[in-house]
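Remarks on the overall topology
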Number of protein chains: 2
Amino acid sequence: MAHNNKGVVKRVEWRINVGDGSSNQRVGHSCMWTMIVGLALKLYLFMKKAWDIGLNDPRKFIHCLKVGIALTCVSLFYYLKPLYDGVGGNAMWAVMTVIVVFENTAGATISKTINRIGGTSLAGFLAFGVNWVARRAGNEFEPLIAGVSLFLLASAATFSRFIPTIKARFDYGALIFILTFSLISISGYRVDELMNMARQRIFTIIIGTCMCIIVSLTICPIWAGQELHVLVTGNLDKLANSLQGCVTQYFSHSEASAVSDEECNKKLLGYKCVLSSKATEDVMANLARWEPAHGCFNFRHPWKQYLKIAATMRNCASCIDALIGCINSENKAPDQIKKNMRSISLRVVTNCSSLIRELAITMRNMTKSSKVDILIMEMNNATQELSDLLKSYPNLIDPSESHNAQDTQKEVAAKIEIPVMEIIQVVTLASLLIEIVARVKCIVKAVEELSDLAKFKAAKSKQHAVENKISPDQEKDEEAINKNQIV
Amino acid sequence: MAHNNKGVVKRVEWRINVGDGSSNQRVGHSCMWTMIVGLALKLYLFMKKAWDIGLNDPRKFIHCLKVGIALTCVSLFYYLKPLYDGVGGNAMWAVMTVIVVFENTAGATISKTINRIGGTSLAGFLAFGVNWVARRAGNEFEPLIAGVSLFLLASAATFSRFIPTIKARFDYGALIFILTFSLISISGYRVDELMNMARQRIFTIIIGTCMCIIVSLTICPIWAGQELHVLVTGNLDKLANSLQGCVTQYFSHSEASAVSDEECNKKLLGYKCVLSSKATEDVMANLARWEPAHGCFNFRHPWKQYLKIAATMRNCASCIDALIGCINSENKAPDQIKKNMRSISLRVVTNCSSLIRELAITMRNMTKSSKVDILIMEMNNATQELSDLLKSYPNLIDPSESHNAQDTQKEVAAKIEIPVMEIIQVVTLASLLIEIVARVKCIVKAVEELSDLAKFKAAKSKQHAVENKISPDQEKDEEAINKNQIV
C-alpha cells in the first residue's frame, strides 16, 4: 500500500512540473494539485508510520487478523440459515460481544469475558426480581418502582467503579451490570416474552465470549503476564546499561560534552524507560492475574511482586538520573582527581551492573543464581574500597606518578590546597554510587522474594561454599544499609 | 448504613457470648455466627471504605446521581407512550448510549459522544455502500462480499487502534466504527427496512448523547482541564514542601533517624506524588482538549504544556529522591560541619521552595508574577554563596566560635585533617541542591512558556524595575546552567 502511494505522489509531482508557467486557470489547477499532493504525502507518511508500528511488533498484525477471524466466524450465525433460525435476531449480541470483548492480551480478553458474563447474569437476576415485585404492585406503581430501582442501582453501581479494588478488576462488569439491568428493566415494561429474550441474550453472549477465548488463546496468544515479565527483565538490563554507560563515559572522556554521542546516549537514557513504565506495568499485572498457567508461569504466579521489583528499580533509576545530572554539572573535577577515582568507581559500577544483569538472567531462567551472592560480595568490597579511597583522601594523588622528591612535595602542597569545589563532583559521584549500591540491594531483595514466592529452581552449583565466604560483619553492614534504605 | 451494620455486629456478638459453653449443636451455631459476623464485618469495612472515598471527594456522589438522573430521563422514552411511539424499540439505543458515554469528566463525556456519533455515521455510510455493491453482485456473491469487507475493515480499524495518535483520541470511535459496521452489514442481509433502522438508531444515539452532554455540563460539571490544572499546581506545592521539609529536618536534628516523625514524613513524601502522577496527567491532558472554554480556560488552552511542566517537575523530584537517600545515608556529617552549612543551605532551599510556590500561585491566578524574577535572583545569589562557601572550605570552621589563639590553632590543625568521609554528606547535599536549583529553573522556563502560550495577564507592579536589577552576567550564568540541563 505504501509503495502504491509513492507512485501516485511521483506522478502527481510530474504533472505539476508540466503545468508550471501556464495560464491562470492552470495556476489554479496547480494550486489544487499541490494541496492534493500535500494531503497524499501526509496520508503516505501516516500510513508508513502505521506500517512501521506493525513491522516493529508483527503480533499487532496478527491481532488484527484474529479480530477479523473471530468476527467473521461469529457472523456465520447470521449468514447460515440453520444457525440463524436457532438464535434469531439476537445473534447481534454475539457479534457485539466479540467486538467489545476481544482485546490484545489474553488476560484482558478473559477479564472482559468473565466481567461480561458475570455482570449480565447478576443484573439479569436482579432485574427479574424487581420486575416481579413491580408487576405485583399494580399498574400505577409499576413504572415508579422500575424507575426508582433503576436510579438507585445505577447510581450504586456507578459509585462502585470509584472503589480502587473494584475499578481494577470489575470496572467493565459494573458497566455491563448497569447496561443489562437498564435494558431488561426497561424492556420488561414493554416486551412480554422477556424470559425468552434474556435466555437468548445470555446464550449469544456465551457464544461470543467462547469465540473470543478460543481465538485469543489458540492463535499466537499474547499473555499479559509474559509481557510484564519481558518488560521488567528488559528494564533491568536497561538500568544496568544506563548505570554502566554514564559512569564509564564520564571517566573515559575528559570533556562531559562528549555525552552527546548519539548511540551511547540512547543506551544511557534506558533508565528513563524504567521511570516511565509504571502505568504499563500496573495494567499488565492487573490483567496477568486473570490468565491461566502459560509458559513457565503458574496460575497464581506472584505478579504483584513484579510491581515491587519495578518500584525498587524506579528508586534506583531516580538516583541514576541525579547521577547524570551531577556528571553534566558545571563543577568539573580536574583530570588528575578523576584519574584517581577512575578504576575503583568503574569497578563499583561494573559490579553493580553485573549484579543487575544477573538478576535479569535469574528472572528469565526462573532459576536461583549461585552467582548473585558472589556478585553482592564483590560489589560490597568495591564499595568499601571506594569509601576507603575517600577516607584516605589526603593521599589521593597517585604516588606511582611522583618520580622524585620534589614532585612529591609539590603534590603534598597541592593536596592540602585542593579546593572543595574541585572534588565536589567526584565526591557527589561516589556518594551517589554508594546510594545506588544500597538501592540495588533493594532490587536484589525484591527479586529474592519473587524467587521464593514463585519457587524458582535451585541453582546447580553449591550454595554453601558461597554463603560461607560472606563474613557475619558484612551481613550486618548490609542489614544496616538496607534498614536505612527502607526508612 | 454503616451505623446499622455496627448495630448488627454488636447484637450478633452478644448472642455468641450467650451460646458459649453449651451443647455441640450450639457450638456449631456459634461457629456459623462467627462466620457471618466475620462476613458482616468485612462488608461493613468495605462499605466504610467506599463511603470514605465518597466523603473525600463528594463530587463522586454527585456523579452517581447524575448518571441516575440521565438514565431515568432517557428511560422516560420507554415509559411514556407518546415518546415510545416516536422511536419504538430503538429507544434501547438511547439508554445504552447514556450508560456507555456518561463519564466522570466533561472532557471524557464529550470525547466519547463525538467518537460515538462520528464512528456510527462513518460506519453507517460505508456499510450502506458495501451493502449496495453486494446486492448488485447477486445472491451468490452477497455473503462473500459482505464477509470479506467485514474482515478487512474490522482488521484495519483494529490496527488503527494501535497508532498512538488515534489511540489517544479516537480509540472509542474506532471500536464503535467496527461495531456499527458489523451490525449494519450483517443485519443488512436479513432486515429489509435497514434505512429505517439506521435512521432511528442515529436519532436515538443523538438523543442519548444530548442527554449526557446536558446533564454532564450543567449539573456540577467536572472538567478534566480544571482537574489537570489543580493536580499540577498542587504538585508544585508538594514539591516545594518536600524539598524544604527534608533539608530543614536534616539541619534541625543531629540524628537523621528523627526523620520518622509521621506528620512531617507525610509532607516529605509529597514528591512521590509528583513522580507517580504521570499517567493521570496524560489522561487528563488528553481529555481536556475536547472541552469547551470553562472557568478561566479557553477552548484551545495549551494543555500539553502542563505535561511539559509536569515532566520538569518529575526531573526535580528524582533529584529530591536522591537527596533524601543521601540524607539517610550512613556517612553522617559531624555537627560542626552541618552547623556551618546550615544557614546557607536553608537559604537556598527556602528560596527554591518560595520560587516553586510562586510558580504555583502564578498558574493558579493565571497572572504573570513580578516576584518570580526577584526570587530567581535570590535563589541564584544563595546558590552562588553556597558555592563560595564550598570553595572556601579550608576556612569553613566558623571563626566566630574561636575565642583565643590556641583554639584557632587547634581548628586550623583540625581543618586540614578533616577526612573526606566526614564532608561527603554535606558536599553531596550541596551538590544535589545546586542540581535541584538548575532543575527548578527548567520548571520556571516551562511555566513561562505556559504563561506565553495561555496569554497570562501581566503583573500589576512594574516589570522593568525588576528586570534591570538582573545583571547580564547573571543571565549568562543562567543560560549556561539551563543549556547544561537540557543536554
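Residues numbered from 1 in each chain as written. Chains lettered and ligands numbered in written order. Predicted model: local features only at pLDDT ≥ 70, side-chain atom pairs only at ≥ 80, totals over all residues. Heavy atoms only, no water.

1. Examining the overall build of chain A
On a plain count of helices and strands, chain A comes out with 20 helices and zero strands. The long-range share in chain A, meaning contacts at least 24 apart out of those at least 6 apart in sequence, stands at 81%. Surface exposure of chain A reaches about 23800 Å², of which carbon and sulfur atoms provide 61%. (Helix = DSSP H or I, 4+ residues; strand = E, 2+ residues; numbered from the N terminus. Contact = heavy atoms within 4.5 Å. Areas by Shrake-Rupley, 256 points an atom, 1.4 Å probe, with all protein chains shown as cover.)

2. A short note on the relation of the copies chain A and chain B
It takes a turn of 180° to lay chain A on chain B, together with a shift of 0.0 Å along the axis; the resulting RMSD is 0.1 Å. Put plainly, the chains are arranged around a two-fold axis. Mapped onto chain B, 99% of the interface residues of chain A are again interface residues, and the two copies thus contact each other with one and the same surface. (Least-squares fit on C-alpha atoms with pLDDT ≥ 70 in both.)

3. Notes on helix H14 (residues 303-327) of chain A
Over its 25 residues, H14(A) runs 36 Å from end to end, which matches the ideal 36 Å to within 8%, given 1.5 Å per residue. Within H14(A), 20 of the 25 residues are buried, which leaves it mostly tucked inside the rest of the structure. (Expected span 1.5 Å × (residues − 1). Buried < 20%, exposed > 50% of the residue type's maximum accessible area, 1.4 Å probe, protein only.)

4. Some remarks on unusual backbone geometry
Residues and elements named next belong to chain A. Non-glycine residue Cys220 carries a positive phi angle of around 35°. Here Cys220 shows up in the loop between helix H9 (194-218) and helix H10 (224-252). Residue class for Cys220 comes out partly exposed when judged on its relative accessible area of 44%. In this model, Met366 sits at a positive phi of 50°, which is unusual for a non-glycine residue.

5. A closer look at the nonpolar core
Counting residues in hydrophobic clusters, the biggest one holds 147 residues, and the most contacted among them are A:Leu239, A:Leu323, B:Leu239 and B:Leu323. If sequence neighbours within four positions are ignored, A:Leu323 has contacts with A:Leu243, A:Cys246, A:Val247, A:Leu429, A:Leu432, A:Leu433 and A:Ile436. Among the nonpolar cores identified, the runner-up in size contains 80 residues, and B:Tyr78, B:Val98, B:Val130 and B:Cys212 belong to it. (Core = buried A, V, L, I, M, F, W, Y, C linked by side-chain atoms within 4.5 Å.)

6. Some details on the interface of chain A and chain B
Frequently, the measure chosen for interface size is the accessible area removed from exposure when the parts meet. Facing 81 residues of chain A, the contacting portion of chain B comprises 80 residues. Where chain A touches chain B, the interface holds two salt bridges. At the boundary of chain A with chain B, the tally comes to eight residue pairs in polar contact (both at pLDDT 80 or more). Here the side of chain A that touches chain B takes 13 residues from helix H3 (residues 59-79) of chain A, the largest share from any one element. Here the residues of the side of chain A that touches chain B sort into 49 nonpolar, 23 polar and nine charged. (Salt bridge = Lys/Arg side-chain N within 4 Å of Asp/Glu carboxyl O. Polar contact = N/O pair within 3.5 Å; in protein donor to acceptor, adjacent residues only side chain to side chain. Nonpolar A, V, L, I, M, F, W, Y, C, P; charged D, E, K, R; others polar.)

7. Regarding the domain arrangement of chain A
All names here are of chain A. What the domain assignment reports for chain A is domain 1 (59-218) and domain 2 (224-291 + 298-486). On the domain 2 side, the residues contacting the 12 residues of domain 1 number eight residues. Approximately 820 Å² of surface area, both sides summed, lies buried where domain 1 meets domain 2, with 62% of it carried by carbon and sulfur atoms. Contact with domain 2 buries area across many residues of domain 1, yet Thr105, Gly107 and Arg169 alone supply 43% of it, more than any other trio. The interface formed by domain 1 and domain 2 includes one salt bridge. Taking the shortest distance from any N to any O, the salt bridge between Arg59 and Glu227 comes out at 2.7 Å. Here domain 1 and domain 2 share three residue pairs in polar contact (both at pLDDT 80 or more) between them. Taken together, the residues that form the side of domain 1 that touches domain 2 break down as six nonpolar, four polar and two charged. (Domains from an automatic or database assignment. Buried area = accessible area lost by both parts, 1.4 Å probe.)

8. Some details on the packing of aromatic side chains
Given two aromatic rings, their pairing is described by the distance between the two centres and the angle made by the two planes. Residues and elements named next belong to chain A. Taken as a whole and assessed by the stated rule, the structure comprises 16 aromatic pairs over all chains. Between Phe177 and Phe181, the aromatic rings sit 6.2 Å apart at their centres with planes inclined by 15°, giving stacked as the arrangement. Residue Phe177 and its partner Phe181 are located together in helix H8 (residues 164-187), separated by four residues, close to a single helical turn. Here Phe177 falls in the buried class, since its relative accessible area comes to 10%. A centroid spacing of 4.9 Å and a plane angle of 70° characterise the contact between Tyr250 and Phe251, whose relative ring orientation is edge-to-face. (Phe/Tyr/Trp six-rings, centres within 6.5 Å; stacked < 30°, edge-to-face > 60°.)

9. Here's the deal with helix H7 (residues 142-160) of chain B
For an α-helix, 3.6 residues make a turn, and residues three or four places apart therefore share a direction. Helix length check: H7(B), at 19 residues, gives a terminal C-alpha distance of 27 Å against a target of 27 Å (1.5 Å per residue), a fit within 8%. Of the positions making up H7(B), those classed as buried are B:Glu142, B:Ala146, B:Gly147, B:Ser149, B:Leu150, B:Ala154, B:Ser155, B:Ala157, B:Thr158, B:Phe159 and B:Ser160.

10. Details of a nonpolar patch on the surface
Taken together, A:Phe141, A:Leu144, A:Val148 and A:Leu152 make up a surface patch of nonpolar side chains, about 400 Å² in accessible area. As for its placement among the helices and strands, A:Leu144 is situated in helix H7 (residues 142-160). (Patch = residues over 30% accessible without salt bridge, like charges linked within 9 Å, V, L, I, M, F, W, Y side chains within 5 Å.)

11. Looking at the pattern of salt bridges
Opposite charge on two side chains allows them to pair when their charged atoms are near. Residue and element names in this part refer to chain A. Inspection of every chain in the model, using the stated rule, returns 27 salt bridges over all chains. Between Lys112 and Glu103 there is a salt bridge, with the nearest N and O atoms lying 3.1 Å from each other. One connected set of salt bridges, linked through shared partners, spans Asp57, Arg59 and Glu227.

12. Points about the packing of helix H5 (residues 91-101) of chain A against helix H8 (residues 164-187) of chain B
Where H5(A) contacts H8(B), the two axes come as close as 10 Å, and the packing angle between them is 155°. With respect to H8(B), the element H5(A) is oriented roughly antiparallel. Crossing angle aside, the handedness with which H5(A) passes H8(B) is right-handed. On the side of H5(A), the interface is formed by A:Met92, A:Val95, A:Met96, A:Ile99 and A:Val100, while H8(B) contributes B:Leu175, B:Ile178, B:Leu179, B:Ser182, B:Leu183 and B:Ile186. Of the residues assigned to the contact of H5(A) with H8(B), the class counts are 10 nonpolar, one polar and no charged. (Axes fitted to C-alpha atoms, helices over the stretch in contact; angles between N-to-C directions. Parallel < 35°, antiparallel > 145°, perpendicular 65-115°, else oblique. Left-handed = near helix turned anticlockwise from the far one by under 90°.)

13. Some points on the side chain of A:Thr312
All names here are of chain A. Residue position: Thr312 is located in helix H14. Take Thr312: its relative accessible area is 13%, and that puts it in the buried class. A distance of 2.6 Å separates a polar side-chain atom of Thr312 from the backbone oxygen of Ile309. Ignoring sequence-local partners within four residues, the contact set of Thr312 consists of Cys442, Ile443 and Ala446.

14. Comments concerning the environment of B:Tyr78
With respect to the helices, strands and loops of the structure, B:Tyr78 is situated in helix H3 (residues 59-79). Between the C-alpha atoms of B:Tyr78 and B:Ala382, which are 304 residues apart in sequence, the distance is 71 Å.

15. Digging into the confidence of the model for chain A
All names here are of chain A. For chain A, mean pLDDT is 79; residues scoring 70 or higher make up 78% of the total. Across residues 255-259, where pLDDT falls below 50, the model places nine contacts with residues more than four positions away in sequence or in other chains. Under a pLDDT of 50 for its full length, residues 395-416 has, in the predicted model, 17 contacts with residues more than four places off or in other chains. Quick note on the complex model: pTM equals 0.79, ipTM equals 0.78. (pLDDT = per-residue confidence, 0-100.)

16. Some words on the packing of H8(A) against H3(B)
Across the interface, H8(A) lies against H3(B) with an axial gap of 10 Å and an inter-helix angle of 30°. Between H8(A) and H3(B), the angle falls in the class roughly parallel. H8(A) and H3(B) meet at a crossing whose hand is right-handed. Residues A:Ile178, A:Ser182, A:Ser185, A:Ile186 and A:Ser187 of H8(A) lie in contact with H3(B), whose contacting residues are B:Leu71, B:Ser75, B:Tyr78 and B:Tyr79. Of the residues in the contact of H8(A) with H3(B), the class split is five nonpolar, four polar and no charged.

17. A short note on the side chain of B:Arg161
All names here are of chain B. Tracing the backbone through its elements, the reader meets Arg161 in the loop between H7 and H8. For Arg161, a relative accessible area of 18% puts it in the buried group. Those residues within four positions of Arg161 in sequence are excluded, and the remaining contacts are Lys167, Asp171, Ala174 and Leu175.

18. What to know about a positive patch on the surface
Judged by side-chain charge, A:Arg169, A:Arg289, A:Arg300, A:Lys304 and A:Lys308 come together as a positively charged surface patch. Of note, A:Arg289 is situated in the loop between helix H13 (278-288) and H14. (Lys, Arg positive; Asp, Glu negative; His and termini not counted. Charge placed at Lys NZ, Arg CZ, Asp CG, Glu CD.)

19. A few points about the state of the cysteines
Put plainly, a disulfide is one covalent bond tying together the sulfur atoms of two cysteines. Residues and elements named next belong to chain B. Using the criterion set out here, one finds zero disulfides over all chains in the structure. In this structure Cys246 is not part of a disulfide, and its nearest cysteine sulfur, from Cys326, lies 9.3 Å away. Cys273 forms no disulfide, and the closest cysteine sulfur to it belongs to Cys316, at a distance of 15 Å. (Disulfide = S-S within 2.5 Å.)

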